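Results of the structural survey
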Amino acid sequence: MQAYNLLKLVQRHGSTLILKKTTSGSYNASTGEFSSTVKEYEITAYMYNVQEGVLLNDITRGTRSCVIPALGLPAIPTDKDIISGRGDDVSIVKVNTIYASGVAVCYVCEVTE
């Protein structure tokens, strides 16, 4: 699917969601645990169900994807980030960056519950 079409999907049908990125902090020797910080970023994205072979050959039936425009994005999505909103939280499994003329246009994230 072309980058233009993906961006139009977000523009017409996208909604405001929250991208949650967890960063690990320092190790606490007394508790034996690492501290972690969760930062939340408000994003506009389009979440949809994927049928096998729609965007990529390796997407399995029942998987959902999320298109996130790259322009003005406060944080780049990565594996294991969480997207929440519309009543559920999903975890990003895989991120595919869509480029146009060498510039990132949008991110297509494969997500699971």
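Residues numbered from 1 in each chain as written. Predicted model: local features only at pLDDT ≥ 70, side-chain atom pairs only at ≥ 80, totals over all residues. Heavy atoms only, no water.

Comments concerning the sheet that holds strand S1 (residues 15–28)
Filter applied, for reference: Pairing between strands requires that DSSP locate at least two bridges from one strand to the other. A run of H or I in DSSP becomes a helix once it reaches four residues, and a run of E becomes a strand once it reaches two; helices and strands are each numbered from the N terminus. Every angle, taken between N-to-C directions, lies between 0 and 180 degrees, and every axis is a line fitted to C-alpha atoms, over only the stretch in contact when it is a helix.
In space, the six strands of this closed barrel follow the order S1-S2-S3-S6-S5-S4, with antiparallel pairing throughout. For this sheet, the mean inter-axis angle between neighbouring strands, taken without regard to orientation, is 45°. With four bridges joining them, strand S2 (residues 33–49) and strand S3 (residues 64–69) adopt antiparallel strand pairing. Along S3, the bridge assignment pairs tyrosine 46 with valine 67.

A few points about unusual backbone geometry
Within the chain, lysine 80 stands out as a residue other than glycine whose phi angle is a positive 75°. Phi is positive for serine 101, which is not a glycine, with a value near 55°. Take serine 101: it is sitting in the loop between strand S5 (88–100) and strand S6 (103–112).

Things to note about helix H1 (residues 3–13)
Threshold: Per-residue accessibility, obtained with a 1.4 Å probe over protein chains only, is compared with the maximum for each type, and a residue is labelled buried under 20%, exposed over 50%, and partly exposed between these values. Within this analysis, the arc is defined by the directions that extend from the helix axis to the C-beta atoms. In this description, contact between two residues means that some pair of their heavy atoms is separated by no more than 4.5 Å.
Looking only at H1, the buried set comprises Ala3, Leu6 and Val10. The arc that holds every buried residue of H1, seen down its axis, measures 70°, which confines them to one face. Opposite the buried face of H1, by more than 90 degrees, sit the exposed residues Tyr4, Gln11 and Arg12. Its buried side turned inward, H1 meets S2, S3, S5 and S6.

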